[in-house]
Amino acid sequence: MQRTVAMPMDSPDAFPSYIRRTQENTESENVSLEHQNLIMTEEELLSEKYKMDYPKRGTAIIINNSNFKRETQKPKRYGSAKDEVCMHELLRKLAFQDIRVKTDRTCAQMKGDLKAVAEVNHSSYSCFVCVILSYGEEGYVYGTDDKISVDELFEPFKGNNCQQLAGKPKLFIIQACCATDVQYREEADAAREKEEEEEDIALIKIPSEADFLTVYSEVPGHFGWESDTKRSWFIQSLSEAFLDEWENKDVLTILTRVLQKMDIHLETLKGSSNKSIQIPCITSMLTKSWFFK
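Calculation criteria
- Residues numbered from 1 in each chain as written.
- Predicted model: local features only at pLDDT ≥ 70, side-chain atom pairs only at ≥ 80, totals over all residues.
- Heavy atoms only, no water.
- Core = buried A, V, L, I, M, F, W, Y, C linked by side-chain atoms within 4.5 Å.
- Buried < 20%, exposed > 50% of the residue type's maximum accessible area, 1.4 Å probe, protein only.
- Helix = DSSP H or I, 4+ residues; strand = E, 2+ residues; numbered from the N terminus.
- Contact = heavy atoms within 4.5 Å.
- Phe/Tyr/Trp six-rings, centres within 6.5 Å; stacked < 30°, edge-to-face > 60°.
- Patch = residues over 30% accessible without salt bridge, like charges linked within 9 Å, V, L, I, M, F, W, Y side chains within 5 Å.
- Areas by Shrake-Rupley, 256 points an atom, 1.4 Å probe, with all protein chains shown as cover.
- Salt bridge = Lys/Arg side-chain N within 4 Å of Asp/Glu carboxyl O.
- Axes fitted to C-alpha atoms, helices over the stretch in contact; angles between N-to-C directions.
- Parallel < 35°, antiparallel > 145°, perpendicular 65-115°, else oblique.
- Left-handed = near helix turned anticlockwise from the far one by under 90°.
- Nonpolar A, V, L, I, M, F, W, Y, C, P; charged D, E, K, R; others polar.

1. Brief notes about the nonpolar core
Logical step 1: Counting residues in each nonpolar core, the largest one holds 34 residues, and the members touching the most others are Met 87, Phe 96, Leu 238, Phe 242, Leu 255, Trp 290 and Phe 292.
Logical step 2: Elements with a minimum of two residues in this core: β4 (56-64), α4 (80-93), β6 (125-137), β9 (170-177), β10 (212-216), α8 (233-245) and α9 (251-270).
Logical step 3: Residue contacts for Phe 292: discarding those within four places in its chain leaves Met 52, Arg 57, Leu 94, Phe 96, Cys 127, Phe 242, Trp 246 and Val 251.

So, in structure tokens, the structure goes:
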């Protein structure tokens, strides 16, 4: 008899717990309709790849903040509209149909937007993607009126809060320029070593849940270059890498390719005399390989 796996959540700070039950037990224990929607087969649970053949790809949201209130002391983000269009086109290519675009949102609105998306019925969806285009600093991104904790924005998507996305991959892409220090190539190796020794230096503090993948455009406190087309190098490189390889490579491999493409872009643009470099920060809590196709 085929066994099934229910996925109720434990404490808010724990990873999702997978409780194995037989089909007979699942039915006899009168599992609620809500939890019946979360049942997955043992084969799906133990698979080395995320299941991506649900009826729909999933919901995606793009939050694009380019105009900020005076009290934030943040200038207008020129080129952000091109980043938005670029990401929208990429998500369409990846077969997302429900793509929600929000522009110039306050912190409260951003929090509300993401909470509303988390409350959508995700039972027939394979995954979730969130793109935030704004300014940022360590642990925070900016709404048009103030900064807000990244962990607070992610909270609605933790397994205990959004059970229909538990066990499914969730990608957060954050293009948030710090506009402070420039990192130089001769400092890059030392910076990487320091990051390995002090993991808490990462700008993003990932919620304590599995299946989160966060890609930040730069390491904390360093400047993000724009291309000559006023589209960020990060978004441009990410779009190109996914468009080239999404059909046959897993997501983490593609993101590694993004780092390589950015390095090539910047070296070509700046030349050897200018050694400035932008290093994205990738933090993965994926538990399986993620292939879009």
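Let's pick the thread back up.
2. Looking at the packing of aromatic side chains
Logical step 1: Per the counting criterion, the structure on display carries ten aromatic pairs.
Logical step 2: With a centroid separation of 3.9 Å and an interplanar angle of 35°, the aromatic rings of Phe 154 and Phe 172 are classed as tilted. With Phe 154 in helix α6 (residues 150-154) and Phe 172 in strand β9, the pair connects residues that are 18 residues apart, well separated along the chain.
Logical step 3: A residue is classified by how much of its surface remains accessible, and Phe 172, at 0% relative accessible area, is buried.
Logical step 4: Taking the centre distance of 5.8 Å and the plane angle of 75° together, the rings of Phe 157 and Phe 172 count as edge-to-face.

3. Considering a nonpolar patch on the surface
Logical step 1: Taken together, Leu 252, Leu 259 and Ile 282 make up a surface patch of nonpolar side chains, about 190 Å² in accessible area.
Logical step 2: Along the polypeptide, Leu 259 turns up in helix α9.
Logical step 3: Judged by its relative accessible area of 32%, Leu 259 falls in the partly exposed class.

4. Some thoughts on the packing of α4 against α8
Logical step 1: Between α4 and α8, the least distance of the axes is 10 Å, while the angle of their chain directions is 15°. One element, α4, and the other, α8, form an angle in the roughly parallel class. Handedness of the crossing formed by α4 with α8: left-handed. In this structure, α4 contributes Asp 83, Cys 86, Met 87, Leu 90 and Lys 93 to the contact, and α8 contributes Ile 235, Leu 238, Ser 239, Phe 242 and Leu 243.
Logical step 2: Its residues assigned to classes, the contact of α4 with α8 comprises seven nonpolar, one polar and two charged.

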